[in-house]
Amino acid sequence: MKFARLMLCGALAASALAAQAQQGVDLTDQSHSPDFPSWTLYGSAQAQSFTPGNGFTYSVMNLTQAGTGGQAGAGWAPQSLALDFNAAFNFRFYFNIQNDPSQLRGDGLTLVLADSTGVGNGGSDLGYGGLSSASVALAVDTFHFSGEAVSPSVQILAGGSNTPLAFTETGLGDSIRNANYAFMGELAYAPSGNADNTGMLTGTISNLQLGSFSVQAQVDFAALGLVGQPVYYGFTAGNGLATDGQTIQWGAPAPVPEPGSWAMILAGTACLALIARRRRAG
């Protein structure tokens, strides 16, 4: 009986740890069923899903459309989360920025946690500035105004303001915009351990070819007004005078092509598989 009780306690403890570890959302996990068209969209945002016959569904959300300026868009998951700010959480996603290299780069995109949904101001506000004061965001700022961090930079924002709590200049220049690969973004939280709803937010963007860049800021979620509130998560973007197309992708580490391109891609994949088999046979 004692052994059984110990086993039960161990199982409950493991379940509690697992539940804590699962706080947040991993949009890079291909085992999920992507469905951006079911999200709440604002402004210029559009969403599509494709199932090209390879057994996998690709879902993309275009917050702004490449080649068109003056846009601000946002997309929010349909369900809120009950986050415990005295426990760790983690959000991961893929993003891609596309444009004609001869065009102006800007302005940027964000991952937002907030007590309500919507879209903020465009341009340098990245679709985030003007949202609820009960919010935090990981921002990828891709336009440099005088007196600001040199773009592209990764930033932690809070309170519905686009003035960063902290920033890191990446030195990536125009290489952050490339239609042939995506970046992974991550927002991770480590609580203080003092049960005071404060802790360290770390934002990171990474790409296998270009490296990894992180920014950190201490955040008091009680002061922000997020403690005890339903927490919505979503993405915003703005391009102002620029014409960047800013896309969030679920479960796909590379840009999702137009439907007409699938035949070419699948044919190419078949050729690569054939070459690999011949090499193994040799």
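Residues numbered from 1 in each chain as written. Predicted model: local features only at pLDDT ≥ 70, side-chain atom pairs only at ≥ 80, totals over all residues. Heavy atoms only, no water.

Participant: Mind laying out the environment of Gly 120, listing which residues take part and the relevant values?
Facilitator: For Gly 120, the position within the fold is in the loop between strand E7 (108-114) and strand E8 (135-141). For Gly 120, a relative accessible area of 15% gives the class buried. Measuring from C-alpha to C-alpha, the distance between Gly 120 and Tyr 42 comes to 9.6 Å, with 78 residues separating the pair along the chain. Contacts of Gly 120, omitting those with residues within four sequence positions, involve Ala 72, Gly 127, Tyr 128, Gly 129 and Leu 131. (Helix = DSSP H or I, 4+ residues; strand = E, 2+ residues; numbered from the N terminus. Buried < 20%, exposed > 50% of the residue type's maximum accessible area, 1.4 Å probe, protein only. Contact = heavy atoms within 4.5 Å.)

Participant: Tell me about the environment of Thr 204, residues and numbers included.
Facilitator: Tracing the backbone through its elements, the reader meets Thr 204 in strand E12 (residues 198-207). Classification of Thr 204 by relative accessible area gives buried; the value is 12%. In sequence terms Thr 204 and Ser 214 are ten residues apart; their C-alpha atoms lie 4.2 Å from each other. In this structure the side chain of Thr 204 is engaged in a polar contact, spanning 2.7 Å, whose partner is the side chain of Ser 214. (Polar contact = N/O pair within 3.5 Å; in protein donor to acceptor, adjacent residues only side chain to side chain.)

Participant: A description of the environment of Ser 49 should follow, citing residues and the corresponding values.
Facilitator: Structurally, Ser 49 can be placed in strand E3 (residues 46-50). For Ser 49, a relative accessible area of 31% gives the class partly exposed. Distance in space between the C-alpha atoms of Ser 49 and Met 61 is 8.8 Å, their sequence separation being twelve residues. Within the structure, Ser 49 has its side chain in polar contact with the side chain of Ser 59 (distance 3.0 Å).

Participant: With reference to specific residues and values, describe the pattern of salt bridges.
Facilitator: Within the structure shown, the criterion is met by five salt bridges. Here Arg 177 and Asp 174 are joined by a salt bridge, their closest N and O atoms 3.2 Å apart. Take Arg 177: its relative accessible area is 9%, and that puts it in the buried class. Residue Arg 177 is joined to Asp 244 by a salt bridge in which the shortest nitrogen-to-oxygen separation is 2.9 Å. One end of the pair, Arg 177, is in the loop between strand E10 (161-169) and strand E11 (183-191); the other, Asp 244, is in the loop between strand E14 (232-238) and strand E15 (245-250), and 67 residues separate them in sequence. With respect to class, Arg 177 is no different from Asp 244; both count as buried. Each member of the salt-bridge network shares a partner with another, and the members are Arg 105, Asp 174, Arg 177 and Asp 244. (Salt bridge = Lys/Arg side-chain N within 4 Å of Asp/Glu carboxyl O.)

Participant: Pulling in residues and values, what's your account of the pairing of E7?
Facilitator: Here E7 lies mainly inside the structure; seven of its seven residues are buried. Residues of E7 alternate between two faces, with Gly 108, Thr 110, Val 112 and Ala 114 on one and Leu 109, Leu 111 and Leu 113 on the opposite face, all of them buried. Pairing of E7 with E8 involves seven bridges; the strand directions are antiparallel. By the bridge assignment, Ala 114 is partnered in E8 with Ser 135. (Pairing = 2+ DSSP bridges.)

Participant: Outline the confidence of the model for the protein, listing residues and values.
Facilitator: Confidence in the prediction for the protein averages 82 pLDDT; 79% of positions are at 70 or higher. Note on residues 253-280: pLDDT is under 50 here. Beyond four places in sequence and across chains, it has 25 contacts. (pLDDT = per-residue confidence, 0-100.)

Participant: Describe the pairing of E12, with residues and values.
Facilitator: Along E12, eight of the ten residues are buried, which leaves the element largely enclosed by surrounding structure. Bridge count between E12 and strand E13 (residues 211-220): ten bridges; the pairing is antiparallel. Residue Met 200 lies in a different strand from E13, and its bridge partner there is Gln 218. Counted along the chain from E12 to the antiparallel partner E13, the turn is three residues long.

Participant: So what about unusual backbone geometry? Which residues, and what values?
Facilitator: In the segment running from Gly 106 into Asp 107, the intervening peptide bond is cis, with an omega of -5°. Inspection of the secondary structure assignment puts Asp 107 in the loop between strand E6 (89-98) and E7. Each neighbour pair has its own omega, and for Ser 151 with Pro 152 the value is -10°, a cis peptide bond. Tracing the chain through its elements places Pro 152 in the loop between E8 and strand E9 (153-158). Positive phi, normally seen in glycine, also occurs at Leu 126, with a value near 60°. Among the structural elements, Leu 126 can be located in the loop between E7 and E8.

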